[in-house]
Amino acid sequence: MKKITLLLFVTITAFACTSEKKETMEVTPVVADISIEDGWARPGKAGMMSAAYFRLENTTDIADTLVSASSNVSNNTQIHLSYEKDGLMVMEEQEFVPVPANASVMFKQGGLHIMLIQPDNDINEGDSVAVELTFKSGRTLSAQVPVRPATGMKMDMQGH
Amino acid sequence: MKYLPLLLLTLFIAIGACNSSPEVIDDLTDRSFELVDQDSVEVTFPDDYKGKYVVMSFIYTNCPDICPLITQNLIKIQKDLDNPDVQFLAVTFDPKRDTPETLSKYKSVFHLDENFNFLTGEEETINAFMDSVRVRTQVSLSTTTQDGTELYFLNHSDKIMVMNPEGKVIIEYGGSQPSVPKLIVQDLNRLLK
């Protein structure tokens, strides 16, 4: 009888340990890990227009959706998309931008961009602009992006 | 005798190649537009630019994305061409807001020299000018800012043109395309030989 009790105890303990190990292995993040990479903003004058560009990098298996943007240089910061339609360049405000799992989303000239409308002060080369992005998951993401002229590099223009 | 058609075809191609001069896209020689630059200097277009090649584009300064991209392409052409005899112009199609003072501020952001000017004018004149070079615009988004002023954006044509010394437009490409500066520099270098 003692042997049976001991065997049962060992079996239950072993099962419990196995289950615990299995749970630990299957833990995954509940919020996508998204970062802002290669950001920059165009110089601009107070009361005029500027824009910020970057690459959103999602390295997790979880998708999220960008729903709003703000900045420290303008009270009116919006997400827009430029594209060609019927021979004209058009621009539309975006209510949201999907960020798929394990993917990157480019904000680049001639495409998606963060519009910095009528900044309070001049945005000069060498300055930086604080950009804050809010996602559908509730997560916010902040970054300081340097102010520099567009380089005309391929990354600035690709896909246009 | 059986090779006669082939010989004739070759002859026609050879003659065509020898006489190849750029096709005239828009003839502006009989037009005259009274405009002003970013320093409020009066300009008669195209008369004041006759005798030199002019690379020109069409923009508005409240454009946050495409027009700076077009301006960058003009800058790249100017830099790569490196020819002070070629004039660069960006003409606004939003004269209501793009006063000389506004254009001057816009120019200062890009650090441009005296061969690169921005032009504006009376609304009626600008409309006629844009018609003559087939530039279309339409109001797209319109919102009211926090201080109560109206803010609108424009859908617009996207082009860079080259006008020859006689006042005839002979080259036209998409203005914001990344491949365009190289093409225009190649074309101009060929024409300037």
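Up top is the structure.
Read on for a plain summary of the structure. (Residues numbered from 1 in each chain as written. Chains lettered and ligands numbered in written order. Predicted model: local features only at pLDDT ≥ 70, side-chain atom pairs only at ≥ 80, totals over all residues. Heavy atoms only, no water.)

1. Points about the pattern of salt bridges
All names here are of chain B. Our working definition: Definition used for salt bridges: Asp or Glu carboxyl oxygen within 4 Å of a side-chain nitrogen of Lys or Arg. Residue burial is assigned from relative accessible area. The probe radius is 1.4 Å, only protein chains are included, and a residue is buried under 20% of its type maximum, exposed over 50%, and partly exposed in between.
For the structure on display, the rule yields 12 salt bridges over all chains. A salt bridge links K168 to E166, with the nearest nitrogen and oxygen atoms 3.4 Å apart. Among the residues examined, K168 registers a relative accessible area of 22% and is labelled partly exposed. One network of salt bridges, in which partners are shared, links D26, R134, K159 and E172.

2. So, the sheet that holds strand β3 (residues 64–71) of chain A
All names here are of chain A. The test is simple: Here, strands pair whenever DSSP counts at least two bridges between them. For helices the rule is a DSSP run of H or I covering at least 4 residues; for strands it is a run of E covering at least 2, with both sets numbered from the N terminus onward. To get an axis, fit a line to the C-alpha atoms, keeping to the stretch in contact for a helix; angles then go from 0 to 180 degrees between the N-to-C directions.
Strand order in the open sheet made by the 4 strands is β6-β3-β9-β10, with antiparallel pairing throughout. This sheet does not close on itself; its edge strands, each paired only once, are β6 (97–99) and β10 (140–146). When strand polarity is set aside, the average angle formed by the axes of neighbouring strands in this sheet is 40°. Relative to β6, β3 runs antiparallel, the two sharing 3 bridges. When the sheet's bridge partners are listed, D64 is paired in β6 with V99.

3. Side note on the sheet that holds strand β9 (residues 159–163) of chain B
All names here are of chain B. The condition is simple: Contacts: residue pairs with any heavy atoms within 4.5 Å of one another.
Strand order in the open sheet formed by 8 strands is β1-β10-β9-β4-β5-β6-β2-β3, and the pairing between neighbours is mixed. If you trace the sheet from one side to the other, it starts and ends with β1 (26–27) and β3 (42–45), each paired once. In this structure, β1 lies alongside strand β10 (residues 168–174), joined through 2 bridges in antiparallel fashion. Bridge assignment links D27 to a residue of β10, and that residue is K168. Strand contacts of helix α3 (residues 100–110): β2 (33–37), β4 (54–59), β5 (87–92) and β6 (116–120), with the helix running at about 155° to β6, the strand carrying the most contacts. Helix-sheet contacts for helix α5 (residues 180–191) involve β4, β9 and β10, and the interaxial angle to β10 is about 155°.

Spatial relationships are all this shows, so hold off on functional conclusions.
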